[in-house]
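This is what each chain is made of:
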Amino acid sequence: MVCMRYPILLWLALLQLYDVSGICRSFIPVAFQAEMGSDKTIASGQTWIYDKIITNVGNGYNSTTGEFFAPEKGLYLFAWSSLSDPGKQSHAGLVVNGKMMGRQGSNNINGGHKWVTAGNTIILVLQEGDHVYIKDVHDRVAELLGPWTTFSGVQLA
């Protein structure tokens, strides 16, 4: 039963990180899924704005600023993806309160006539009011293709 040991260790680690005393309260879910409504070139250092909202339960995501604000302390899962045009690149990083927490790269500079997509997923413990957003890891210009460039999140506990 070696396979069962790892999920148990993961849950034990999560229980140590998260105050589980609040889990049995009335839980109002927070979840969002957004994409870029059109192809975009985003200036260096700017937050990526996902302006087409698919789902925004709890209104935690702001499609004007591109930021998600945690409504309460909890365990959250975020996923993001991007598609680079042939000859273009993007290096998306997930940022929490100004600190880079996760990265992915879609580098197609020498790729010929191919499309390159990349994505990442991260699970984080957030505090109430923490803000989460995506920007280029290297503070470079990002050239992105609309609906294939997405950002989503859900509160797990």
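As shown above, the structure is provided for reference.
The structure presented is a predicted model; accordingly, all values stated were derived computationally and were not measured. (Residues numbered from 1 in each chain as written. Predicted model: local features only at pLDDT ≥ 70, side-chain atom pairs only at ≥ 80, totals over all residues. Heavy atoms only, no water.)

1. Overview of the sheet that holds strand β1 (residues 31-35)
Then comes step 1: Spatially, the 5 strands line up as an open sheet ordered β3-β1-β14-β6-β11, and their pairing is antiparallel. Each edge of the open sheet carries a strand with a single partner, namely β3 (52-57) and β11 (116-126). Each adjacent strand pair in this sheet contributes to an overall mean axis angle of 5°, direction not counted.
Then comes step 2: For β1 and β3, the ladder comprises 5 bridges, and the chain directions are antiparallel. Bridging across to β3, Glu35 finds its partner in Lys52. (Pairing = 2+ DSSP bridges. Helix = DSSP H or I, 4+ residues; strand = E, 2+ residues; numbered from the N terminus. Axes fitted to C-alpha atoms, helices over the stretch in contact; angles between N-to-C directions.)

2. Things to note about the environment of Ala142
Then comes step 1: Within the secondary structure layout, Ala142 lies in strand β13 (residues 142-144).
Then comes step 2: Using a relative accessible area of 0% as the deciding quantity, one classes Ala142 as buried.
Then comes step 3: In this structure, the C-alpha to C-alpha distance between Ala142 and Ala43, residues 99 residues apart in sequence, is 6.8 Å.
Then comes step 4: Not counting chain neighbours up to four residues away, the residues in contact with Ala142 comprise Lys40, Thr41, Ile42, Trp48, Gln89, Ser90 and Asp136. (Buried < 20%, exposed > 50% of the residue type's maximum accessible area, 1.4 Å probe, protein only. Contact = heavy atoms within 4.5 Å.)

3. Quick look at the packing of aromatic side chains
Each pair of aromatic rings is reported with the distance of its centres and the angle of its planes.
Then comes step 1: Evaluation of the coordinates by the stated rule reveals 10 aromatic pairs.
Then comes step 2: Considering the side-chain rings of Tyr50 and Phe151, the 5.5 Å spacing of their centres and the 45° angle between planes classify their relative orientation as tilted. Of the two residues, Tyr50 sits in the loop between β2 (40-42) and β3 while Phe151 sits in strand β14 (residues 150-155), which places them 101 residues apart along the sequence.
Then comes step 3: Using a relative accessible area of 0% as the deciding quantity, one classes Phe151 as buried.
Then comes step 4: Taking 5.5 Å as the distance between ring centres and 70° as the angle between the ring planes, the aromatic pair formed by Phe68 and Phe78 counts as edge-to-face. Here Phe78 lies in strand β6 (residues 74-84) and Phe68 lies in strand β5 (residues 67-69), a separation of 10 residues in the sequence. Taken individually, Phe68 and Phe78 each receive the classification buried, so the pair is uniform in this respect. (Phe/Tyr/Trp six-rings, centres within 6.5 Å; stacked < 30°, edge-to-face > 60°.)

4. Section: the pattern of salt bridges
Then comes step 1: Under the counting rule described, the total for this entry stands at 3 salt bridges.
Then comes step 2: Residue Lys52 is joined to Glu35 by a salt bridge in which the shortest nitrogen-to-oxygen separation is 3.5 Å. Residue Lys52 is located in strand β3, and its partner Glu35 is located in strand β1; the two are separated by 17 residues in the primary sequence.
Then comes step 3: According to the relative accessible area criterion, Lys52 is partly exposed, its value standing at 41%. (Salt bridge = Lys/Arg side-chain N within 4 Å of Asp/Glu carboxyl O.)

5. Thoughts on the sheet that holds β5
Then comes step 1: Read across the open sheet, the 5 strands follow the order β4-β5-β12-β8-β9; overall the sheet is antiparallel. At either end of the open sheet lies a strand with only one pairing partner, and these are β4 (61-62) and β9 (99-103).
Then comes step 2: Sheet topology places strand β8 (residues 92-96) next to strand β12 (residues 131-136); 5 bridges connect them, and they run antiparallel. Bridge pairing in β12 links Ala92 to Asp136.

6. Points about the nonpolar core
Then comes step 1: Ranked by size, the top nonpolar core spans 24 residues in total, and within it Trp48, Phe68, Phe78, Leu94, Leu126 and Phe151 carry the most contacts.
Then comes step 2: For this core, the secondary structure elements donating two or more residues are β1, β6, β8, β11, β12 and β13.
Then comes step 3: When residues no more than four places from it in sequence are discounted, the contact partners of Leu126 are Phe68, Ala70, Glu72, Lys73, Gly74, Tyr76, Phe78, Val96 and Val132. (Core = buried A, V, L, I, M, F, W, Y, C linked by side-chain atoms within 4.5 Å.)

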